[in-house]
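Spelled out from the first residue to the last, the chains are:
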Amino acid sequence: MAEINSEHISLIQRFINNGKYEEAVDAVNIVLSSASQPGNISVYKDLTSLVPQFFPTLTNTSDDYISKCCKALEKMLGYTSVEVILSTMDTEMKSGLTHPSPEVKILCLKQLIRCASDRTKIKSLTELGVMRFSIVLLADDDSSVVKYCNKCLLSLASHDEGIAFLYSEEGIKAMHEVAAISDTVRYRVYDVIIDSIIQSDQALECAVTNGLLSSLLKDLQSDDILLRLTALENVVRLADSCSAYTTLKNLGIFKGIGSWLAAGNADAMYTVPSVVKLYGKVCQKQNVDVKQFSTDNPEYFTAICDMIQHNPDPSVKLACVDVLAILGSRVDGKEVLLNKSHDVGRTIKVISEGVCGGSDEFKDRGLVALAQTFSKPDVYIPDLEMVFESWYKCCDSGTFVRGVCCPVREPASTCESVREPASTCESVREPASTCESVREPAST
């Protein structure tokens with residue numbers, strides 16, 4: 001590929017000087033698509049100096065011209081350093097972010113993402129005031145613009161200086177103004193806040209101090225079920241952060257959600273999938289005392305058992321089975337199961353029936369849940385073996401679980417057979433008659 005030389009630059013400049021912007025844009029696209037890189041530093045400077053001359057031409061109403069111009073600008077900006085963009089193109093970036101064309105907005109957002117990715121340039125970036133325009137774009141009608149806007153703000157929030165701006169008086173004011181436009185835009189703002197909290201404890205502290213977290217959680221009390229569900233999903237996301245989890249716990253959020261379940265309102269059924277997801281996340285956290293959480297919030301585990309036993313939705317039932325498997329894999333989780341042994345026994349009966357005659361997916365995930373539930377923990381738990389035996393009797397029969405679940409009175413080698421995929425699969429795919437044979441007298 002040929003190098004870009006001064007003759008190329010001169011040609012493009014002549015077109016611009018003569019007001020032939022379309023020809024200039026075409027020349028840039030042709031030259032840069034067939035050239036490798038500037039041959040020397042002076043040509044490099046000449047090339048980047050052309051960028052500000054093209055931005056004013058974006059007032060052209062032709063979509064075709066705007067598209068070609070953006071393509072040319074993106075190529076030229078690729079040769080432009082972050083330092084040059086920040087020191088000489090503030091006006092151009094602001095005009096691009098307020099341009100009616102999504103293509104122009106995205107062009108500028110991509111450059112700001114470049115700048116925000118360089119930690120040493122964050123302070124310069126925030127001092128220009130251009131980031132306020134990025135916050136405003138959260139209200140844009142174009143989903144692609146919103147996507148790049150979100151990415152830009154998260155790149156900014158990945159550094160302390162960026163968080164300081166986002167949660168500064170200027171940043172908060174901009175977020176409040178944008179959030180007031182509609183519920184949809186408000187939740188876009190919340191998305192940025194949540195993502196920043198997940199990646200930074202400093203952002204969490206700022207969100208708590210400035211009341212943004214409280215605003216985000218307020219919709220948990222909304223009469224609008226859709227807003228409440230969205231707020232609940234945000235709680236699920238926040239629970240990914242250990243610090244945010246602790247904050248939510250201290251604010252009584254988990255207890256409040258449990259009270260919905262206990263109340264048994266008509267709307268409660270809509271919240272169950274998100275509650276199951278939340279409980280599953282809590283159970284996966286190694287630094288959380290699952291036994292204590294389940295003791296403080298018994299409604300969560302009760303919901304899991306109830307959904308497995310009575311909910312007709314296969315996806316909800318499978319999610320609950322997965323949570324049971326997580327509990328069974330933990331020592332403190334087994335203690336939860338032990339404390340609710342009667343409910344667990346009935347739940348195991350339903351799972352065993354599903355393993356015997358349900359879908360392949362239920363068989364696979366049900367077997368995992370049963371295997372984890374009946375696995376022996378590394379530490380001694382009083383009464384667990386006796387409860388294991390009662391649970392085992394709740395299964396349809398030992399016919400299909402033998403070699404899958406580990407009966408407590410059988411040799412340890414039986415447990416190893418659980419981990420042999422082939423035999424396990426065959427054992428659960430017996431004829432339907434096998435299942436029927438285990439549904440004999442209730443006295444069993």
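Residues numbered from 1 in each chain as written. Predicted model: local features only at pLDDT ≥ 70, side-chain atom pairs only at ≥ 80, totals over all residues. Heavy atoms only, no water.

Engineer: Sorry if this is basic, but what is going on with the overall build of the protein chain here?
Structural biologist: Summing up its helical and strand segments, the protein chain has 31 helices and two strands in all. When the 444 residues of the protein chain are sorted by exposure, 49% land in the buried category. The long-range fraction of contacts in the protein chain, counting pairs at least 24 apart against all pairs at least 6 apart in sequence, stands at 69%. (Helix = DSSP H or I, 4+ residues; strand = E, 2+ residues; numbered from the N terminus. Buried < 20%, exposed > 50% of the residue type's maximum accessible area, 1.4 Å probe, protein only. Contact = heavy atoms within 4.5 Å.)

Engineer: When you look at the state of the cysteines in this model, what are you seeing that I'm missing?
Structural biologist: Between two cysteines, a covalent bond joining their sulfur atoms is known as a disulfide. The tally for this structure, following the rule as stated, stands at zero disulfides. Of all cysteine sulfurs in the structure, the one in Cys320 sits closest to Cys305, which takes part in no disulfide; the separation is 8.8 Å. (Disulfide = S-S within 2.5 Å.)

Engineer: What's the story with helix H15 (residues 201–209) in this structure? I'm lost.
Structural biologist: Since the α-helix packs 3.6 residues into each turn, any two residues three or four apart lie on the same face. Looking at H15, one finds that the buried residues are Ala203, Leu204, Cys206 and Ala207. Taken down its axis, H15 places every buried residue within 165 degrees of arc, on the same side. Across from the buried face of H15, at angles greater than 90 degrees, the exposed residues are Glu205 and Thr209. Packed against the buried residues of H15 are helix H12 (160–166), helix H14 (183–199), helix H16 (212–217) and helix H18 (242–250). (Arc of directions from axis to C-beta.)

Engineer: Sorry, what's going on with the packing of aromatic side chains here?
Structural biologist: For any pair of aromatic rings, the description rests on two quantities: the centre-to-centre distance and the angle between the ring planes. Taken as a whole and assessed by the stated rule, the structure comprises nine aromatic pairs. When the centroid spacing of 5.5 Å and the interplanar angle of 70 degrees are considered together, the rings of Phe254 and Phe293 count as edge-to-face. Of this pair, Phe254 sits in helix H19 (residues 253–263) while Phe293 is found in helix H21 (residues 290–296), placing the two residues 39 residues apart along the sequence. The same class applies to Phe254 and to Phe293, which are both buried. A ring pair is formed by Phe293 and Tyr300, whose centres lie 5.3 Å apart and whose planes are at 65 degrees; its orientation type is edge-to-face. Exposure class is identical for Phe293 and Tyr300. Each is buried. Three or more aromatic residues joined by ring pairs make a cluster, and in this case those are Tyr245, Phe254, Tyr279, Phe293 and Tyr300. Directly above the aromatic system of Trp260 lies the positively charged group of Arg228, at a separation of 5.6 Å from the ring centroid. (Phe/Tyr/Trp six-rings, centres within 6.5 Å; stacked < 30°, edge-to-face > 60°. Lys NZ or Arg CZ within 6 Å of the ring centre and 35° of its normal.)

Engineer: Teacher, can you tell me more about the nonpolar core here?
Structural biologist: Judged by nonpolar contacts, the single largest core of 137 residues is most densely connected at Phe54, Tyr167, Ile193 and Tyr279. Apart from residues no more than four positions distant in its own chain, Tyr167 is found in contact with Ile172, Ile193, Ser196, Ile197, Ala203, Cys206, Ala207, Asn210 and Leu212. (Core = buried A, V, L, I, M, F, W, Y, C linked by side-chain atoms within 4.5 Å.)

Engineer: What am I meant to see in the packing of helix H24 (residues 331–339) against helix H27 (residues 384–394) here?
Structural biologist: Contact geometry for H24 and H27: axes closest at 11 Å, N-to-C directions at 60 degrees. The orientation of H24 with respect to H27, classified from their angle, is oblique. Regarding H24 and H27, the two cross each other, and that crossing is left-handed. The residues of H27 that touch H24, namely those facing Lys334, Leu337 and Leu338, are Leu384, Val387 and Trp391. (Axes fitted to C-alpha atoms, helices over the stretch in contact; angles between N-to-C directions. Parallel < 35°, antiparallel > 145°, perpendicular 65-115°, else oblique. Left-handed = near helix turned anticlockwise from the far one by under 90°.)

Engineer: Explanation requested: the environment of Val344 in the structure shown.
Structural biologist: Mapped onto the elements of the fold, Val344 is located in helix H25 (residues 341–357). With relative accessibility at 1%, the residue Val344 sits in the buried group. Measuring from C-alpha to C-alpha, the distance between Val344 and Trp391 comes to 7.6 Å, with 47 residues separating the pair along the chain. Setting aside its immediate chain neighbours within four residues, Val344 contacts Phe301, Leu337 and Trp391.

Engineer: Sorry if this is basic, but what is going on with the confidence of the model for the protein chain here?
Structural biologist: Do not read the fine detail of predicted coordinates wherever pLDDT is low. For the protein chain, the average pLDDT comes to 85, and 85% of its residues sit at 70 or higher. Considering only residues more than four positions removed or in separate chains, one finds that residues 399–403, a stretch of pLDDT under 50, has 14 contacts. Residue range residues 405–444 is modelled with pLDDT below 50. Its contacts to residues more than four positions away, or to other chains, number 41 contacts. (pLDDT = per-residue confidence, 0-100.)

Engineer: Looking at this model, I keep getting lost on the packing of helix H11 (residues 143–156) against H14. Mind explaining?
Structural biologist: Helix-helix packing: each pair is described by the crossing angle between the helix axes and the interaxial distance. Two elements in contact, H11 and H14, have axes whose closest approach is 10 Å; the angle formed by their N-to-C orientations is 35 degrees. Between H11 and H14 lies a crossing of right-handed hand. Listed contacts from H14 to Val146, Asn150, Leu153 and Leu154 of H11 are Arg188, Asp191, Val192, Asp195, Ser196 and Gln199.

Engineer: Any chance you could explain the side chain of Asn150 here in plain terms?
Structural biologist: You can see Asn150 is positioned in helix H11. Setting aside its immediate chain neighbours within four residues, Asn150 contacts Arg188, Asp191, Val192 and Asp195.

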